[in-house]
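Chain residues, written in single-letter form:
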Amino acid sequence: QVQLVESGGGLAQPGGSLRLSCAASGISLNDMNWYRQTPGKQRELGSAITSGTSTHYADSVKCRFTISTNSTKRMMHLQMNNLKPEDTALYYCNVYSLFTARHYWGQGTQVTVSS
């Protein structure tokens, strides 16, 4: 059974940093993503790793966020620096399984950026 569990969300001041983590079980992390969603808006892709190594970022987070995975490929992280109020959202980790051809989602972790 695939399970993704996010942690690390919380409250940060503008200009501050947070580090999100996603613990995976039952699946290898090869194509993985961090999405975020605010009320009334569609879930948007912010950061991605494809084929285990190539990283991609939305323009809104480029140069501020860094997506990574550890060597055992059971943890995924999102380092968020220079946070802005518009980064406030519910953040979800997402993993695509080549084996099942399915996307799997975590339960989400709230990030709030406010002074």
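The sections below set out a description of the structure shown in this document. None of these values were measured; they are calculated from a predicted model.

This brings us to the pattern of salt bridges. Summed over the entire model, instances satisfying the criterion amount to four salt bridges. One salt bridge in this structure joins R36 and E44, with 2.8 Å as the shortest N-O distance. Using a relative accessible area of 37% as the deciding quantity, one classes E44 as partly exposed. For the salt bridge of D59 with K62, the shortest nitrogen-to-oxygen distance reads 3.2 Å. Relative accessible area serves as the criterion here: at 42%, K62 is assigned to the partly exposed category. Linked through salt bridges whose partners overlap, the residues forming this network are R36, E44, R64 and D87.

What follows deals with the packing of aromatic side chains. What describes a pair of aromatic rings is the distance from one ring centre to the other and the angle between the planes of the rings. Scanning the model with the defined rule gives two aromatic pairs in all. Taking the centre distance of 6.2 Å and the plane angle of 85° together, the rings of Y92 and W105 count as edge-to-face. In this pair, Y92 is assigned in strand β9 (residues 89–97) and W105 in strand β10 (residues 102–105), connecting sequence segments 13 residues apart. Taking relative accessible area as the criterion, W105 reaches 38% and is therefore assigned partly exposed. An aromatic cluster is present here, built from Y35, Y92 and W105 joined pairwise through their rings. Residue placement shows R43 over the ring face of Y92; its charged tip is 3.8 Å from the ring centre. The aromatic ring of W105 is capped on one face by R43, whose charged end is 4.5 Å from the ring centroid.

Further remarks concern the nonpolar core. Counting 25 residues, the largest nonpolar core has L4, W34, M76, L78, M80 and Y91 as the members making the most contacts within it. Mapped onto this core, the elements with two or more residues apiece are β3 (18–25), β4 (31–37), β7 (65–69), β8 (75–80), β9 and β11 (109–113).

Turning our eyes to something else, we now look at unusual backbone geometry. A positive phi angle, close to 75°, is found at C63, a residue other than glycine. One can find C63 in the loop between β6 (54–57) and β7. In this model, N82 sits at a positive phi of 50°, which is unusual for a non-glycine residue. Relative to the assigned elements, N82 resides in the loop between β8 and β9. Since its relative accessible area comes to 42%, N82 is described here as partly exposed.

Definitions and cut-offs
- Residues numbered from 1 in each chain as written.
- Predicted model: local features only at pLDDT ≥ 70, side-chain atom pairs only at ≥ 80, totals over all residues.
- Heavy atoms only, no water.
- Salt bridge = Lys/Arg side-chain N within 4 Å of Asp/Glu carboxyl O.
- Buried < 20%, exposed > 50% of the residue type's maximum accessible area, 1.4 Å probe, protein only.
- Phe/Tyr/Trp six-rings, centres within 6.5 Å; stacked < 30°, edge-to-face > 60°.
- Helix = DSSP H or I, 4+ residues; strand = E, 2+ residues; numbered from the N terminus.
- Lys NZ or Arg CZ within 6 Å of the ring centre and 35° of its normal.
- Core = buried A, V, L, I, M, F, W, Y, C linked by side-chain atoms within 4.5 Å.

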